[in-house]
Amino acid sequence: MSALIEFQKVSKIYKMGDATVVAANEISMRIQKGEFVSIVGSSGSGKSTCMNIIGCLDVPTSGTYLLDGRDVGSMNKNELAEIRNKMLGFIFQQYNLLPKLNILENVEVPLMYRGVPRAKRHELAKAALEKVGLGDKLRHRPSQLSGGQQQRVSIARALAGDPAVILADEPTGALDSRTGREVLAMLQELHNQGHTVVLITHDNSIAVEAERIIRLEDGNVVYDGPSDAPEAVVTARKREKGAVGQ
Amino acid sequence: MKITEAFTLALKNIRTSKMRTFLTMLGIIIGVMAVIVIVGLGNGLSNYVTESFSSLGTNTLTVSVSGRGSSTRNVSVDQMYELVDENSEYLEYISPTVNVSGGVRIDGEQLYYTSTTGVGEDYFKIKNYTVASGRGISFGDIDQRKSVCVIGAYLNDTYFGGSGVGETLRVGGRMFTVVGVLEASSSEPEEGGTDDAVYIPYSTAARLSGTTINSYTITMRSEDYASESKAVLEDALLEIFGDSDSYSVISMSEMLESMTSMINVLVYVLAGIAAISLLVGGIGIMNIMLVSVTERTREIGVRKSLGAKERYILEQFIIEAAVTSALGGSLGIVLGYGLSAIASTVASSAIGSSFTVDPGLSAVMLAFGISAGIGVLFGFLPARKAARLNPIEALHFD
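Quick word on the overall build of chain A
- The number of helices and strands found in chain A is eight helices and 10 strands.
- Relative to the compact-globule value of 18 Å for 246 residues, chain A shows a C-alpha radius of gyration of 18 Å, a close match.
- By its C-alpha atoms, chain A is 55 × 40 × 40 Å across when sized along the principal axes.
- Restricting the contact set of chain A to residue pairs at least 6 apart, pairs at least 24 apart contribute 68%.
- Accessible surface for chain A amounts to roughly 11,000 Å². Of this, 48% is attributable to carbon and sulfur atoms.
- Looking at charge distribution, chain A has the averaged site of its 30 positive side-chain charges lying 5 Å from that of its 29 negative ones.

In structure tokens form, the structure reads like this:
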């Protein structure tokens, strides 16, 4: 069975002036449909690069990225936009809602780019907002909502188009721990419903919410396995201690 | 994404920043307004001149004879009348005209602005003047060099209390009897105007001022044959004088034409200058759109991550610029019309006759089209900048 997300020796090299930075060094991994995976690592580990590539916002310098069996690396900008629109649902740390639109319109944006007719769009967006418990605030502006509620809107926005992958980039980073837990519970719930969820975080305590952890360090995969295995966290603790000792 | 959605989006963005949008539009508003008012004034001026000329008679030709220095070769009044008779398929009436200087005196009061002209019996027909009371100048008056005159409405009303026929006045010291009064040609006859005039027989006038008769006003049967009529006269006069410098034939319709084309050139130049402010307005829109793209970098990043293709972002910003600009154009049109109406009133009361400042529909449509076009043109650069933003950088822009 082919994986939903498959990295084959994916590298990403940035040129910063004269220096070259290897952000991802021949990373290979497979994520199956329906999995809940955390990609975890400290800043500079390459997790953001991975997320950009998985999210089709960027293409690898070398190696192959197959999304649902299609080679993303050979796509042009328009094809990438279309893939993002149809296959991916983004949840950002800063919610990234459009402040001038009400939350219903916000959720409709990806559907609009997909060409869904107005009435249908309305219906889908409303259903998604009801699912995250905001069915009574459709006409509110994002600024009228709390952080947790805004993050729920962005979950609804990611969900509305029924994407193949839900990509959550530090979704709890801007929230207090209680609302953060609510958001994680919601991701768990989506996973239980059969969605593929990829969570990108630097925080081990959040990463363990997923059933599988892929740990990155300096652009390399240093752990890929179940989140309840002792090494998943122990390795991390060791390394964190080491980092403190430096 | 449909184009109508892009419009809705543009309007939403414009609504949320009214003040900025208004200030952005200001250049376009002023430009369109200026173009409309200037074109309107030009049209008004052109109409006014046309009307003034047709009241003088655009079907008239004026012949001026300067003669050949001391040469005895000349054209007599009778020759001129014959000439018109012979070419009656083109020419209709003729009247010699003699300007008399020396001023008019009524009851010992000297009138400095009153014009005195010696004319033939058909002169009033040529000029479309109507005799309100009494009679016009007759052939008998001319033949016998009588001291009679026809006066304009201004003199009649001001000096003779409206019943001037039978009264007398003096021209160049000689006493003339008023035999007729003309109808007023304007609603408010005034000093120095067409109604402040004295007409006497040309023969009397020539003797009075001691000159030969060297100016004629001739009417054409039809204005459509203006150039042919002129040519006929010129040919005949050339035959008499053998030298084209000794006379000139001026056609009123030709003068009107050259006058109108001069006004048009003037209007084009002025409208061109006003259009520069449209250009400046367009640059203002481009400037604000560039700022707007920078401000909305994050929004653009979000939209791209949600699947907006470059074309959609490009469309969104171009349409926003075009809508802003077209809205400014519409406001400019409304204000331009308002100002035109005010200008009409002011100009009419200033010159004492009807003067309409009307730019006409085509100029308005053009102004609107240009303003929308400017939006597209100057919106393109910022829109392309927005469309080409890297989504990752845009998402992390603060």
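Quick notes on the overall build of chain B
- Scanning chain B from N- to C-terminus turns up 13 helices and 12 strands.
- Over its C-alpha trace chain B gives a radius of gyration of 33 Å, far above what one expects of a compact globule, namely 21 Å for 398 residues.
- Considering only C-alpha atoms, chain B reaches an extent of 105 × 50 × 35 Å along its principal axes.
- A burial count over chain B gives 46% of its 398 residues as buried.
- Contacts in chain B between residues far apart in sequence, at least 24 positions, make up 80% of those at least 6 positions apart.
- Accessible area for chain B stands at about 19,100 Å²; split by element, carbon and sulfur atoms hold 57% of it.
- A gap of 16 Å separates the mean positions of the 27 positive and 40 negative side-chain charges of chain B.

Concerning helix α8 (residues 226-241) of chain B
- Between its first and last C-alpha atoms α8(B) spans 22 Å; for 16 residues at 1.5 Å apiece the expected length is 22 Å, and the two agree.
- Close packing links the buried residues of α8(B) with β1 (60-65), α3 (77-86), β2 (91-100), β11 (215-220), β12 (247-251) and α9 (252-295) of chain B.

Remarks on the pattern of salt bridges
- Per the stated rule, a full pass over the model turns up 23 salt bridges over all chains.
- Between A:Glu182 and A:Arg178 there is a salt bridge; the shortest N-O distance is 3.1 Å. Linking A:Glu182 with A:Arg178, this pair stays in helix α6 (residues 177-192), spanning four residues, or about one helical turn.
- Its salt-bridge partner being B:Lys230, residue B:Glu254 comes within 2.9 Å of it at the nearest N-O pair. Residue B:Glu254 is located in helix α9, and its partner B:Lys230 is located in helix α8; the two are separated by 24 residues in the primary sequence.
- Its relative accessible area of 16% is what places B:Lys230 among the buried residues.
- Through salt bridges with shared partners, a single network forms among A:Glu108, A:Arg118, A:Arg121 and B:Glu5.

What about the sheet that holds strand β1 (residues 5-16) of chain A?
All names here are of chain A.
- Judged by pairing direction, the sheet is antiparallel, and its four strands sit side by side in the order β2-β1-β4-β5 without closing on themselves. Looking at strand neighbours, the two that pair on one side only are β2 (19-31) and β5 (70-71), the edges of this open sheet.
- Judged from the nine bridges that link them, β1 and β2 form a sheet pairing that is antiparallel. Paired with Lys12 across the bridge in β2 is Ala24.
- Along the sheet, helix α1 (residues 47-54) makes contact with β1, β2 and β4 (62-67), crossing β1 at roughly 120°.

Some words on the sheet that holds strand β10 (residues 220-226) of chain A
All names here are of chain A.
- Spatially, six strands are ordered β6-β7-β8-β3-β9-β10 in an open sheet, and the strand pairing comes out mixed. Each edge of the open sheet carries a strand with a single partner, namely β6 (88-91) and β10. Averaged over all neighbouring strand pairs, the angle between strand axes comes to 15°, with direction disregarded.
- Relative to strand β8 (residues 196-201), strand β3 (residues 36-40) is paired through five bridges, and the arrangement is parallel. Across the sheet, residue Val37 finds its bridge partner in β8, namely Val198.
- This element, helix α5 (residues 147-160), spans β6 and β7 (165-169) of the sheet and lies at about 170° to β6.

Side note on the pairing of β1(B)
All names here are of chain B.
- Pairing geometry for β1 and β11, over five bridges, is antiparallel. Bridge assignment links Thr62 to a residue of β11, and that residue is Thr217.
- Note that β1 and β12 share five bridges and pair antiparallel. By the bridge assignment, Val63 is partnered in β12 with Val249.

Quick notes on the packing of α9(B) against helix α11 (residues 310-351) of chain B
All names here are of chain B.
- The interhelical angle for the contact between α9 and α11, taken along N-to-C directions, is 140°, at an axis separation of 11 Å. By the angle class used here, α9 and α11 are oblique. Relative to α11, α9 is oriented so that their crossing is right-handed. On α11, the residues that touch Ile285, Met289, Ser292 and Val293 of α9 are Phe317, Glu320, Ala321 and Ser325.
- Residues of the contact of α9 with α11, tallied by class, amount to five nonpolar, two polar and one charged.

Considering the interface of chain B and chain A
- Counting residues at the interface gives 21 residues for chain B and 24 residues for chain A.
- The contact between chain B and chain A buries some 2,300 Å² in all, and 57% of this surface belongs to carbon and sulfur atoms.
- On the surface where chain B and chain A come into contact, there are five salt bridges.
- Among the salt bridges present, the one from B:Lys12 reaches A:Glu105, with a minimum N-O distance of 2.7 Å.
- Summed over the shared surface of chain B and chain A, the number is nine residue pairs in polar contact (both at pLDDT 80 or more).
- Mapped by element, the contributors of at least two residues to the side of chain B that touches chain A are α1 (3-16), α10 (297-305), α11 and α13 (391-395) of chain B.

Quick word on helix α2 (residues 77-87) of chain A
- Of the residues making up α2(A), those classed as buried are A:Leu80, A:Ala81, A:Ile83, A:Arg84, A:Asn85 and A:Met87.
- Packed against the buried residues of α2(A) are β4, β5, β6, α3 (103-114) and β7 of chain A together with α10 of chain B.
- Near the N-terminus of α2(A), the side chain that reaches the backbone nitrogen of A:Asn78, with its oxygen 3.1 Å away, is that of A:Asn76.

Focus: the confidence of the model for chain A
- On average, residues of chain A score 89 in pLDDT, and 94% of them reach the 70 mark or higher.
- Across residues 242-246 of chain A, where pLDDT falls below 50, the model places zero contacts with residues more than four positions away in sequence or in other chains.

Structural notes on the environment of B:Ile38
- On the secondary structure map, B:Ile38 appears in helix α2 (residues 18-56).
- Placed 222 residues apart in sequence, B:Ile38 and B:Thr260 show a C-alpha to C-alpha distance of 15 Å.

Overview of the side chain of A:Thr201
Residue and element names in this part refer to chain A.
- On the secondary structure map, Thr201 appears in strand β8.
- A polar side-chain atom of Thr201 sits 2.9 Å from the main-chain amide nitrogen of Asp203.
- For Thr201, the contacting residues outside a window of four places in its chain are Ile39, Val40, Gly41, Lys47, Glu170, Ile206 and Ala207.

Cut-offs and rules
- In this numbering scheme, every chain counts its residues from 1 along its sequence in written order.
- Here the convention is simple: chains get letters from A, ligands get numbers from 1, in the order in which they are written.
- Local features in this predicted model are restricted to residues of pLDDT 70 or higher, and side-chain atom pairs are both shown and tallied only at a pLDDT of 80 or more, whereas totals for entire chains, interfaces and linings draw on every residue.
- The side-chain values count all of the structure's non-hydrogen atoms but skip hydrogen atoms and water molecules.
- Helix and strand definitions here come from DSSP, where helices need a minimum of 4 consecutive H or I residues and strands a minimum of 2 consecutive E residues; each element is numbered from the N-terminal end.
- In this setup the radius of gyration rests on C-alpha atoms only. A globule is expected at 2.2 Å times the number of residues raised to 0.38.
- Any pair of residues with heavy atoms lying within 4.5 Å of one another is described as a contacting pair.
- Surface accessibility follows the Shrake-Rupley procedure with a 1.4 Å probe radius. Residue values consider only the protein chains on display as shielding.
- When charges are counted, Lys and Arg contribute as positive and Asp and Glu as negative, whereas His and the chain ends are disregarded.
- Think of each charge as sitting on NZ of Lys, CZ of Arg, CG of Asp or CD of Glu.
- When accessible area is computed with a 1.4 Å probe and restricted to protein chains, residues below 20% of their type maximum are described as buried, those above 50% as exposed, and intermediate ones as partly exposed.
- Between the first and last residue of a helix there are one fewer steps than residues, each counted as 1.5 Å, and that sum is the expected span.
- Salt bridges are defined as contacts in which a side-chain nitrogen from Lys or Arg sits within 4 Å of a carboxyl oxygen from Asp or Glu.
- Strands are labelled as partners when DSSP assigns at least two bridges between them.
- Geometry is summarised by axes, namely lines fitted to C-alpha atoms with helices restricted to the contacting stretch, and by angles between N-to-C directions that run from 0 to 180 degrees.
- What sets the label is the angle itself: under 35 degrees gives roughly parallel, over 145 gives roughly antiparallel, 65 to 115 gives roughly perpendicular, and the rest give oblique.
- We call a crossing left-handed when the near helix sits turned anticlockwise from the far one by less than a right angle, and right-handed when that turn is clockwise.
- When residue character is reported, Ala, Val, Leu, Ile, Met, Phe, Trp, Tyr, Cys and Pro are called nonpolar, Asp, Glu, Lys and Arg charged, and the others, Gly included, polar.
- Once two parts are brought into contact, the accessible area they lose, counted with a 1.4 Å probe and summed over both, makes up the buried area.
- Definition of a polar contact: a pair of N or O atoms within 3.5 Å, with one able to donate and the other able to accept a hydrogen when the atoms are protein atoms, and with sequence-neighbouring residues admitted only if both atoms are side-chain atoms.
- For every residue, the predictor assigns a confidence score, pLDDT, that lies between 0 and 100.

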